[in-house]
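An overview of the molecular structure
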Amino acid sequence: MDEQNDYCVIARLMIPTDAHVIRGCLEAAGIPVILTDDQHMQANLLLAPAIGGARIMVRESDLARANDILAAYERGDLALSEDADVGLPAAE
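An account of the accompanying structure is given in this report. It should be emphasised that the depicted structure is a prediction, and the values quoted were computed from it without experimental measurement.

A word on the overall build of the protein chain. Check the secondary structure of the protein chain and you find four helices and three strands. Along the protein chain, helices (α) and strands (β) appear in the sequence β-α-β-α-α-β-α when read from the amino end. In summary, the protein chain has a C-alpha radius of gyration of 15 Å against a globular reference of 12 Å for 92 residues, an excess of more than 25%. With the principal axes as the frame, the protein chain shows a C-alpha extent of 50 × 35 × 25 Å. A total of 92 residues make up the protein chain; the buried ones form 29% of that total. Relative to all contacts within the protein chain whose residues are 6 or more apart in sequence, the contacts with residues 24 or more apart total 68%.

Set out below in structure tokens:
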């Protein structure tokens, strides 16, 4: 078994939408992610404390880079400005 490919939890979130946003940030950086328990919480949000929140898991080999991305997200470095145009690109 390759220990570098074992998955480990890097975050637990009580709001499923936040977990999906962070998963998207990690995947955009090329890091494979496993997100668990988010659907249980969406079905019944009162389960969140009982199951410990949605878990975001990455491979151990990606852990350092994933933690850097998570820290950048928490600092707000990945936030869009209020006037960011996120619409479709202009037709050429």
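Once you've had a look at it, read on.
In this section: the nonpolar core. If you look at the biggest cluster of nonpolar residues, it comprises 17 residues, and the most contacted ones within it are I10, L26, I56 and V58. Secondary-structure elements contributing two or more residues to this core are β1 (7–13), α1 (16–28), β2 (33–36), β3 (54–59) and α4 (63–75). If we ignore the near neighbours within four places in the chain, the residues touching L26 are I10, I31, V33, I56, V58, A66 and I69.

Quick notes on the rules
- Residues numbered from 1 in each chain as written.
- Predicted model: local features only at pLDDT ≥ 70, side-chain atom pairs only at ≥ 80, totals over all residues.
- Heavy atoms only, no water.
- Helix = DSSP H or I, 4+ residues; strand = E, 2+ residues; numbered from the N terminus.
- Rg over C-alpha atoms; globule rule 2.2 N^0.38 Å.
- Buried < 20%, exposed > 50% of the residue type's maximum accessible area, 1.4 Å probe, protein only.
- Contact = heavy atoms within 4.5 Å.
- Core = buried A, V, L, I, M, F, W, Y, C linked by side-chain atoms within 4.5 Å.

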